[in-house]
Amino acid sequence: MGDPAGVGPEVICGALARLSPEQRETLLVVGDRATMERANVVTQAGLRFVEGPGRQGDVQVVNAATAGIETVKPGLVSAAGGAAAFGYIEKAVQLAQAGLASTLVTAPLNKAALHEAGHKYDGHTGLLQALTKAPSSFMLLAGDKLSTIHVSTHVSLEEAIRRVRPERVLATIEVGVAHFKRLGVANPRIAVAGLNPHAGEGGLFGDQESSQLEPAIAMAKAKGIEVRGPMPPDSVFLRAAQGEFDLVVAMYHDQGHIPTKLLAFDRTVNVSLGLPIDRTSVDHGTAFDIAWKNIARPENMVAAIEYAWRLEGYHG
């Protein structure tokens, strides 16, 4: 459900209202039923939330531990909101690991609230990596025309540069290739964006392209991967959006996020790779400034649900 002070409950209601009763039966909400009932009223979604089996079209809610949720105020950062969001994710992971859920679809949490609650993670991806004890994790932004996977995400730009190393770049390429093969792309076409302007311009603007990226690309090619680069960052995303590549490997958060969100903000889905469980998410935050005002659009949540169905082979 995400942070109860944010737009998560609203976009969930909006998305569920757009689905058929049969489609809603494939889903359950991990969160707080009372909060979802309030969001149902705010959005005028006309849903019926139940705990346990109900009638066709009802939405099942799994109540997670939410001590102090009654103190959460719409649109405000709070430790209680961060603790609630953490509890929902923790419960959802437990359900997935027990085989009771197939894919997590997450509404946004607030990092400041999460930290106030004592959970010092950089966001969902790092939190899920810790809860599942995965050795590493990767963020993929998947869109209809442009998809990007990131070598690093929620770190400073200075730290992101340090993380551009052949081993990490190669691992990012490989996990992206594996994901697209899972989706049915027999031989994914991968482009690796350069770190520096014009991909270093032959060393004039930095040497990471030759010292770090080229070795990783060579190793990927030796494994039979169709990969090109390092390519100038100011043109590679356009070329991918025009159909030349299936996936772009971005070196850091904003390099990959800006073009994908600019091109298709409401349809781009955040996908966590490298974990033992599947997870998709909206690509936006808690939007406290518009929360609980029935302004937030549910299209991105619909896209995240549809991508989750795609991963599990559901065609309802």
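Each value, and the rule that gives it
- Residues numbered from 1 in each chain as written.
- Predicted model: local features only at pLDDT ≥ 70, side-chain atom pairs only at ≥ 80, totals over all residues.
- Heavy atoms only, no water.
- Helix = DSSP H or I, 4+ residues; strand = E, 2+ residues; numbered from the N terminus.
- Rg over C-alpha atoms; globule rule 2.2 N^0.38 Å.
- Buried < 20%, exposed > 50% of the residue type's maximum accessible area, 1.4 Å probe, protein only.
- Areas by Shrake-Rupley, 256 points an atom, 1.4 Å probe, with all protein chains shown as cover.
- Lys, Arg positive; Asp, Glu negative; His and termini not counted.
- Charge placed at Lys NZ, Arg CZ, Asp CG, Glu CD.
- Right-handed = clockwise from strand over helix to strand, strands pointing away.
- Pairing = 2+ DSSP bridges.
- Axes fitted to C-alpha atoms, helices over the stretch in contact; angles between N-to-C directions.
- Left-handed = near helix turned anticlockwise from the far one by under 90°.
- Contact = heavy atoms within 4.5 Å.
- Polar contact = N/O pair within 3.5 Å; in protein donor to acceptor, adjacent residues only side chain to side chain.
- Expected span 1.5 Å × (residues − 1).
- Parallel < 35°, antiparallel > 145°, perpendicular 65-115°, else oblique.
- Nonpolar A, V, L, I, M, F, W, Y, C, P; charged D, E, K, R; others polar.
- Arc of directions from axis to C-beta.
- Phe/Tyr/Trp six-rings, centres within 6.5 Å; stacked < 30°, edge-to-face > 60°.
- Core = buried A, V, L, I, M, F, W, Y, C linked by side-chain atoms within 4.5 Å.

Participant: Explain the overall build of the protein here, please?
Facilitator: Helix and strand counts for the protein stand at twelve helices and eleven strands. Relative to its length of 316 residues, the protein is compact, with a C-alpha radius of gyration of 20 Å against a globular reference of 20 Å. Relative to its 316 residues, the protein shows a buried fraction of 53%. In the form shown here, the protein has an accessible surface area of approximately 13,700 Å², with 52% of it arising from carbon and sulfur atoms. Taking the average location of the 29 positive side-chain charges in the protein and that of its 33 negative ones, the two points are 2 Å from each other.

Participant: What's the story with the pairing of strand β7 (residues 189-193) in this structure? I'm lost.
Facilitator: Here is the key point about a regular strand: its side chains alternate between the two faces of the sheet. With four of five residues buried, β7 is to be regarded as a mostly interior element. Once you follow β7 into helix α9 (residues 208-222) and on to strand β8 (residues 226-231), the crossover reads as right-handed. As paired elements, β7 and strand β9 (residues 247-250) share three bridges and run parallel to each other. Bridge assignment links V192 to a residue of β9, and that residue is V249.

Participant: Would you explain the packing of helix α1 (residues 8-18) against helix α12 (residues 299-312) in this entry?
Facilitator: The description of two helices packed together rests on the angle between their axes and the distance between the axes. The contact between α1 and α12 brings their axes to 8 Å, and the two run at 65 degrees. Judged by the sense of rotation from one axis to the other, the crossing of α1 with α12 is right-handed. Of α12, the residues touching α1 (which contributes V11, I12, A15 and R18) are E299, M301, V302 and I305.

Participant: Help me out: how do you make sense of the environment of E159 in this one?
Facilitator: Turning to its location among the elements, E159 is positioned in helix α7 (residues 157-162). Look at E159 and you get partly exposed, because its relative accessible area is 21%. In the structure, E159 is positioned 28 residues away from L131 in sequence and 24 Å away in space, judged by C-alpha atoms. Here the side chain of E159 touches R162 through a polar contact of 2.8 Å, side chain to side chain.

Participant: I tried to follow helix α8 (residues 166-182) on my own but got confused; where do I start?
Facilitator: One full turn of an α-helix is made of 3.6 residues, so residues set three or four places apart face in the same direction. The end-to-end C-alpha distance of α8, which contains 17 residues, comes to 24 Å, matching closely the 24 Å that a straight helix rising 1.5 Å per residue would cover. Where α8 is concerned, the buried positions are P166, V169, L170, T172, I173, V175, G176, V177, H179 and F180. Two residues or fewer after α8 comes G184, characterised by a positive phi angle close to 105 degrees.

Participant: What is the right way to read the packing of α1 against helix α3 (residues 33-43) from this model?
Facilitator: Viewed as axis vectors pointing N to C, α1 and α3 meet at an angle of 65 degrees, and their least axial separation amounts to 9 Å. When the interaxial angle is binned, α1 and α3 end up roughly perpendicular. For the pair α1 and α3, the crossing hand works out as right-handed. Of the residues in α3, those in contact with P9, E10, I12 and C13 of α1 are T35, M36, A39, N40, V42 and T43. Class assignment of the residues belonging to the contact of α1 with α3 gives a composition of six nonpolar, three polar and one charged.

Participant: How should α3 be read in this particular structure?
Facilitator: Buried within α3 we find T35, M36, A39, N40 and T43. Mapping the buried residues of α3 onto a view down its axis gives an arc of 145 degrees, with all of them on the same face. On its buried face, α3 sits against α1, β1 (28-31) and β2 (49-50). Immediately downstream of α3, the backbone of Q44 shows phi near 55 degrees, a positive value.

Participant: Mind showing me how you'd approach the sheet that holds strand β3 (residues 59-63) here?
Facilitator: Across the sheet, which stays open at both edges, the three strands sit in the order β1-β3-β2 with parallel pairing between neighbours. Looking at which strands have only one partner, the edges of the open sheet turn out to be β1 and β2. Relative to β3, β1 runs parallel, the two sharing four bridges. Paired with V30 across the strands is V62, a residue of β3.

Participant: When you look at the packing of aromatic side chains in this model, what are you seeing that I'm missing?
Facilitator: Any aromatic ring pair is given by two values, namely how distant the centres are and how the planes are angled relative to each other. Taken as a whole and assessed by the stated rule, the structure comprises one aromatic pair. Between W309 and Y314 the ring centres are 5.0 Å apart and the planes differ by 55 degrees, which places this aromatic pair in the tilted class. Of the residues examined, Y314 reaches a relative accessible area of 24% and is grouped as partly exposed.

Participant: Looking at this model, I keep getting lost on the nonpolar core. Mind explaining?
Facilitator: The nonpolar side chains of a soluble globular protein tend to be buried, and buried together. Membership of the largest hydrophobic core comes to 51 residues, with the highest contact counts inside it found for I12, L16, F49 and M301. Those elements that provide at least two residues to this core are α1, β1, α3, β3, α4 (79-97), α6 (124-132) and α12. For this core, the element with the most residues is α4, which contributes ten residues. Aside from chain neighbours lying at most four places away, what touches M301 is V11, I12, A15, V105, T106, A107 and V282. Judged by nonpolar contacts, the second largest core, of 32 residues, contains I173, F180, V192 and L195.

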